[in-house]
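A structural walkthrough
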Amino acid sequence: MTGLTLIASYPKSGNTWMRAFIASHLHGGRAININADLSLIPNLTSRPLQDFHAGLEHADLTPEEVALIRPWTSRRIAETHPGIYKTHDSHLVPPGAREPAIPPDAIDRAVYLIRDPRDVAVSLAHHLGRSLSEGVDMVSDAQFRMGRSRSHLNVNVEHWLSSWSAHVESWLNAADVRLLRLRYEDMLAEPLESFTRLCRFLELDDAPDAVGRSLDAGSFGALAAQEGRAGFRERYRSSTAPFFRAGRAGGWRETLPPELAERVAAAHSRVMTHMGYA
């Protein structure tokens, strides 16, 4: 592969689970250390990574300047350090920029993960230590971005997400990107089939026994148990909830008040219907 291979998603849509699977798969299906081996699939918005390849400190830049320089940095990483990267970037053009943060000519291929936005809202609220109402607001916020903090230097540079619907459509409509889309719910219901498709797309070993070993090593139970023993450095510092909290589909029905679920459905009805979440 040349260029960037992306595991792209809206937050809390199965990205870390997929990274754990890939990390295990690259090591023959062995158990992984979530605080060490996930670095095999680094976050493309990581501040140290972006600072290094840009040759400057992003903390010295305005948000508009960050948006302008990121496409150049993405191309540089694609040229000098091609590989598999995680991202929550949308494929939209951020305010103040002229092209997406990860331009198509820097991308070799992309896996795009999709999850019911009602479950995303609940999981995102727990992840960020916010209320359920705030979680619903975030997935519907056309101006939503991550990587900015008023109290400390964020581990990631600022990146533009927009709303759940806009994010999903930005990637699914990216005609110039070689894309595999996978629904979180299908990954749970039919893991062997879903992850075999992933392996074929990424040109990894797709033998059923090899895929099965990596699924076992990267299962939600295994990851949650390890976080319980040793913690997880990617857990958001303001949250008291574990990162690997539930790992199932449809949990919003037990958690999200009806009026909040209706707000999500009203804001995202067209894309939800298209993705089978009506």
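Residues numbered from 1 in each chain as written. Predicted model: local features only at pLDDT ≥ 70, side-chain atom pairs only at ≥ 80, totals over all residues. Heavy atoms only, no water.

Focus: the side chain of His91
With respect to the helices and strands, His91 occurs in the loop between β2 (83-87) and β3 (107-114). His91 has contacts with Pro100, Ile102, Pro104, Ile107, Ser170, Trp171, Ala174, Asp176 and Val177, leaving out every residue within four places of it along the chain. (Helix = DSSP H or I, 4+ residues; strand = E, 2+ residues; numbered from the N terminus. Contact = heavy atoms within 4.5 Å.)

Overview of the pattern of salt bridges
The final tally for this structure, using the stated rule, is 13 salt bridges. Ionic pairing is found between Arg118 and Asp116, a salt bridge with its closest N-O pair at 2.8 Å. Asp116 carries the same exposure label as Arg118, and that label is buried. In this structure, Arg200 engages Asp206 in a salt bridge whose closest nitrogen and oxygen atoms are separated by 2.8 Å. Judged by relative accessible area, which is 29%, Asp206 ranks as partly exposed. Here the salt bridges share partners, and the residues they tie into one network are Arg75, Glu99 and Asp105. (Salt bridge = Lys/Arg side-chain N within 4 Å of Asp/Glu carboxyl O. Buried < 20%, exposed > 50% of the residue type's maximum accessible area, 1.4 Å probe, protein only.)

Some points on the sheet that holds β2
Strand order in the open sheet formed by four strands is β2-β1-β3-β6, and the pairing between neighbours is parallel. The open sheet terminates on both sides in strands that have one partner only, identified here as β2 and β6 (179-183). Going across the sheet, the axis of each strand differs from the next one's by a mean of 20°, ignoring polarity. (Pairing = 2+ DSSP bridges. Axes fitted to C-alpha atoms, helices over the stretch in contact; angles between N-to-C directions.)

Looking at the packing of aromatic side chains
Applying the stated criterion to the full structure yields six aromatic pairs. For the ring pair Tyr112 and Trp171, a centre distance of 6.2 Å and an interplane angle of 25° mean the geometry is stacked. Here Tyr112, found in strand β3, pairs with Trp171, found in helix α6 (residues 164-172); they are 59 residues apart in sequence, far enough to count as distant. Here Tyr112 matches Trp171 in class, with each residue buried. When the centroid spacing of 6.4 Å and the interplanar angle of 55° are considered together, the rings of Trp164 and Tyr277 count as tilted. Taken as a pair, Trp164 in helix α6 and Tyr277 in the segment after α12 (258-274) lie far apart in primary sequence, 113 residues in all. Cluster of aromatic residues (ring-pair linked, three or more members): Trp17, Phe21, Tyr184 and Phe195. Taking NZ or CZ as reference, Arg109 lies 5.9 Å from the ring centre of Phe201, over its face. (Phe/Tyr/Trp six-rings, centres within 6.5 Å; stacked < 30°, edge-to-face > 60°. Lys NZ or Arg CZ within 6 Å of the ring centre and 35° of its normal.)

Focus on the pairing of β3
With seven of eight residues buried, β3 lies mostly within the body of the structure. Relative to β3, strand β1 (residues 4-9) runs parallel, the two sharing six bridges. Across the sheet, the residue bridging to Ile7 is Val111, located in β3. As paired elements, β3 and β6 share five bridges and run parallel to each other. Bridge assignment links Ile114 to a residue of β6, and that residue is Arg183.

Regarding the nonpolar core
Side chains that are nonpolar tend, in soluble globular proteins, to be buried together. Core analysis: the largest hydrophobic core is formed by 41 residues, its most contacted members being Leu4, Leu6, Leu44, Trp164 and Trp171. Counting residues per element, the ones that place at least two in this core are β1, α3 (63-80), β3, α4 (117-128), α5 (132-139), α6 and α12. Among all residues touching Leu4, those that are not within four sequence positions of it are Leu44, Ser74, Ile77, Ala78, Gly83, Tyr85, Ile102, Ala106, Ile107, Asp108 and Arg109. Core analysis: the second largest hydrophobic core is formed by 27 residues, Ala20, Ile22, Leu180 and Leu215 among them. (Core = buried A, V, L, I, M, F, W, Y, C linked by side-chain atoms within 4.5 Å.)

Considerations on the packing of α6 against α12
Contact pair α6 / α12: the axes reach a minimum separation of 9 Å and the direction vectors enclose 25°. For the element pair α6 / α12, the angle class is roughly parallel. Considering how the two elements wind past one another, α6 and α12 form a crossing that is left-handed. Residues Trp164, Ser165, Val168 and Glu169 of α6 lie in contact with α12, whose contacting residues are Ala267, His268, Arg270, Val271 and Met272. The class makeup of the residues in the contact of α6 with α12 is five nonpolar, two polar and two charged. (Parallel < 35°, antiparallel > 145°, perpendicular 65-115°, else oblique. Left-handed = near helix turned anticlockwise from the far one by under 90°. Nonpolar A, V, L, I, M, F, W, Y, C, P; charged D, E, K, R; others polar.)

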